[in-house]
Amino acid sequence: MFKILSKIFGNKTAQKLFELLFIFKTITLLLINYKRHSRSKSEGTILLGLIPTHQNLGDYALYLSALQFIKDFYPNHTILELTILEMPNKIFEFRNSMNSNTDLVFLIGGGNMGSRYLIEEFNRQVIFYVFRDFKRIQLPQSSSYENNLKGKLILKISQLIFQLNKDKILITSRDEKSFHFFKSKFNTKVLFFPDTVLYLKFSNNSPRTEKVLYCIRDDEESKFNSQERKKIKKIIHDKFSCVENFDTINKDTNCSNEVAFDKLINNISTSKLVITDRLHGVIFAFITNTNVIALPTCDHKLIDFFNWIKDFETTNFVSNITELENLLNRIQFTNIKNSAVFESNFKQLKNEIDIL
């Protein structure tokens, strides 16, 4: 559908039309499937919602890390997985099979809490409303509420929904700016925790090579124009003899996200250096103990996230092309292990959920 719309209207208009069509379809299916059945008296079930079905491997890693967190800290619970595409058909079936007194609802983290990613936000609002009698935990998110009429309307709707049984809601933020925004806008419990992908553990016995990987955004979140991106790529190729481009998007439709993610992680883990403005590209480098240089994006997400890892020897941040050139002339490579350094944060998150 999106490809057809983009050919007729162009990508930007097609995206807006696709979002509206998706929301209309979802609302229709929700109304059709809305039923009130007697609630289950079973215990020990967790719903994991907002699971993406697209090809973004950063979002796939957010799903993996949320699933691993739940399995580790709630080993005796049954896990129900609710993807965005399945939601209209399964949401009431799942709700009616769960016990609001004992069961939990988790939504995966990321950077889509707001009006910029309308489909994800709409699904979040529906889940928070339909499961309003349950404890609802939003895993660490970044805010993306635009300062326009659309952004203000979406924010107002979220505020109204979050008021319903607000004492049963825990919203967590992965960056300081979003944390203060959520605290000021939502009258519920808001806490500050790292991106859940940092919970993933990775080990690879393959030796490192001289390979240098880079991934520079070319979408609306990029801080650099096309000429600047070309200059960055030239600087990297001039400095290193073994250079490869990588992407956190799985562009091979014949390859599952599971396989594509494993390939990407293994590629990063055997590299000498990663240079990227993709937030999860930075995180993938960190969890594989690979040296990384992070570049800024158009908003606060990557810069603020970097505060979590700025004190580690494998991590570097540059704010412009000149700083990148200077750093490449003096960088020292190390492979100090970063794994498990955030375990205490996630144990604390489990404790906060317990007392909710």
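Residues numbered from 1 in each chain as written. Predicted model: local features only at pLDDT ≥ 70, side-chain atom pairs only at ≥ 80, totals over all residues. Heavy atoms only, no water.

Q: Outline the overall build of the protein chain, supporting the account with residue identities and numerical values.
A: Summing up its helical and strand segments, the protein chain has 13 helices and 12 strands in all. When burial is assessed residue by residue, the protein chain has 54% of its 356 residues classed as buried. For the protein chain, contacts bridging at least 24 residues in sequence account for 74% of all contacts bridging at least 6. Here the protein chain displays about 17,100 Å² of accessible surface, and carbon together with sulfur accounts for 51% of that area. (Helix = DSSP H or I, 4+ residues; strand = E, 2+ residues; numbered from the N terminus. Buried < 20%, exposed > 50% of the residue type's maximum accessible area, 1.4 Å probe, protein only. Contact = heavy atoms within 4.5 Å. Areas by Shrake-Rupley, 256 points an atom, 1.4 Å probe, with all protein chains shown as cover.)

Q: Residue-level account of the pattern of salt bridges, with values.
A: On inspection of all chains with the given rule, the structure shows 12 salt bridges. Taken together, the salt bridges that share partners define one network made up of Arg217, Asp219 and Arg278. (Salt bridge = Lys/Arg side-chain N within 4 Å of Asp/Glu carboxyl O.)

Q: Describe unusual backbone geometry, naming the residues involved and giving the relevant values.
A: Most peptide bonds are trans, and most residues other than glycine sit at a negative phi. Unlike most non-glycine residues, Leu50 shows phi in positive territory, near 65°. Relative to the assigned elements, Leu50 resides in strand S1 (residues 45-51). A residue is classified by how much of its surface remains accessible, and Leu50, at 5% relative accessible area, is buried. Its identity is not glycine, yet Asn289 carries a phi of approximately 60°, on the positive side. Note on placement: Asn289 falls in the loop between helix H10 (279-287) and strand S11 (291-294). Residue classification places Asn289 among the buried residues on the basis of a relative accessible area of 10%.

Q: Quick one: what's the story with the side chain of His280, residue by residue and with numbers?
A: For His280, the position within the fold is in helix H10. Those residues within four positions of His280 in sequence are excluded, and the remaining contacts are Gly58, Leu62, Arg174, Asp195 and Val197.

Q: Could you give an account of the packing of aromatic side chains, naming the residues involved and the relevant values?
A: Where two aromatic rings form a pair, the distance of their centres and the angle of their planes describe that pair. Taken as a whole, this structure holds 23 aromatic pairs when the rule is applied. A centroid spacing of 5.5 Å and a plane angle of 75° characterise the contact between Phe261 and Phe284, whose relative ring orientation is edge-to-face. Residue Phe261 is located in helix H9 (residues 257-269), and its partner Phe284 is located in helix H10; the two are separated by 23 residues in the primary sequence. Accessibility assignment for this pair places Phe261 and Phe284 in one class, buried. Following the ring pairs from residue to residue traces out a cluster consisting of Phe69, Phe73, Tyr74, Phe106, Tyr199 and Phe346. (Phe/Tyr/Trp six-rings, centres within 6.5 Å; stacked < 30°, edge-to-face > 60°.)

Q: Account for the nonpolar core, naming residues and giving values.
A: Of all hydrophobic cores here, the largest spans 87 residues; its most connected members are Leu48, Phe69, Ile91, Phe106, Phe131, Phe284 and Ile353. Ranked by residues supplied to this core, first place goes to helix H3 (residues 57-73) with nine residues. If we ignore the near neighbours within four places in the chain, the residues touching Phe69 are Tyr74, Phe106, Tyr199, Phe346, Leu349, Lys350 and Ile353. (Core = buried A, V, L, I, M, F, W, Y, C linked by side-chain atoms within 4.5 Å.)

Q: How would you sum up H9? Please name residues and give values.
A: Side chains that are three or four residues apart share a direction in an α-helix, a result of its 3.6 residues per turn. Helix length check: H9 (13 residues) gives 18 Å between terminal C-alpha atoms against 18 Å at 1.5 Å per residue, within 8%. Turning to H9, its buried residues number three or more, namely Asn257, Ala260, Phe261, Leu264, Ile265, Ile268 and Ser269. Down the axis, H9 shows its buried residues gathered within 160° of arc, on one side only. On its buried side, H9 packs onto H3, strand S8 (212-215), strand S10 (273-276) and H10. (Expected span 1.5 Å × (residues − 1). Arc of directions from axis to C-beta.)

Q: Please provide a residue-by-residue account of the sheet that holds S8, values included.
A: Strand order in the open sheet made by the five strands is S9-S8-S10-S11-S12, with parallel pairing throughout. In this open sheet, the two strands that pair with only one neighbour each are strand S9 (243-245) and strand S12 (315-317). Within this sheet the neighbouring strands show an average axis-to-axis angle of 20°, counted without direction. When S11 meets S12, the two strands line up parallel, connected through three bridges. Counted as the bridge partner of Ala294 is Phe317 from S12. Those strands touched by H10 are S10, S11 and S12, and its axis lies near 165° from that of S10. (Pairing = 2+ DSSP bridges. Axes fitted to C-alpha atoms, helices over the stretch in contact; angles between N-to-C directions.)

Q: Tell me about the environment of Val126, and name the residues and values.
A: Here Val126 shows up in helix H5 (residues 118-130). When its relative accessible area of 13% is taken as the criterion, Val126 is described as buried.

Q: Report on the pairing of strand S5 (residues 135-144), specifying residues and quantitative values.
A: When you tally the buried positions in S5, you get nine out of 10 residues, the bulk of the element. For strand S4 (residues 110-114) and S5, the ladder comprises three bridges, and the chain directions are parallel. Bridge pairing links Gly114 to Ser144 in S5. In this region the chain leaves S4, passes through H5 and returns to the parallel neighbour S5; the handedness of that crossover is right-handed. Two elements, S5 and strand S6 (residues 169-173), share four bridges in a ladder whose sense is parallel. If you follow Gln138 over to S6, its bridge partner there is Ile171. Between the parallel elements S5 and S6, the chain passes through helix H6 (residues 149-162) in a crossover that is right-handed. (Right-handed = clockwise from strand over helix to strand, strands pointing away.)

Q: Run through the side chain of Thr270, naming residues and quoting values.
A: On the secondary structure map, Thr270 appears in the loop between H9 and S10. Only 3.2 Å separates the side chain of Thr270 from the backbone oxygen of Asn267, close enough to count as a polar contact. Once residues lying within four places of it in the same chain are set aside, the contact partners of Thr270 are Asn204, Ser206, Pro207, Arg208, Thr209 and Lys211. (Polar contact = N/O pair within 3.5 Å; in protein donor to acceptor, adjacent residues only side chain to side chain.)

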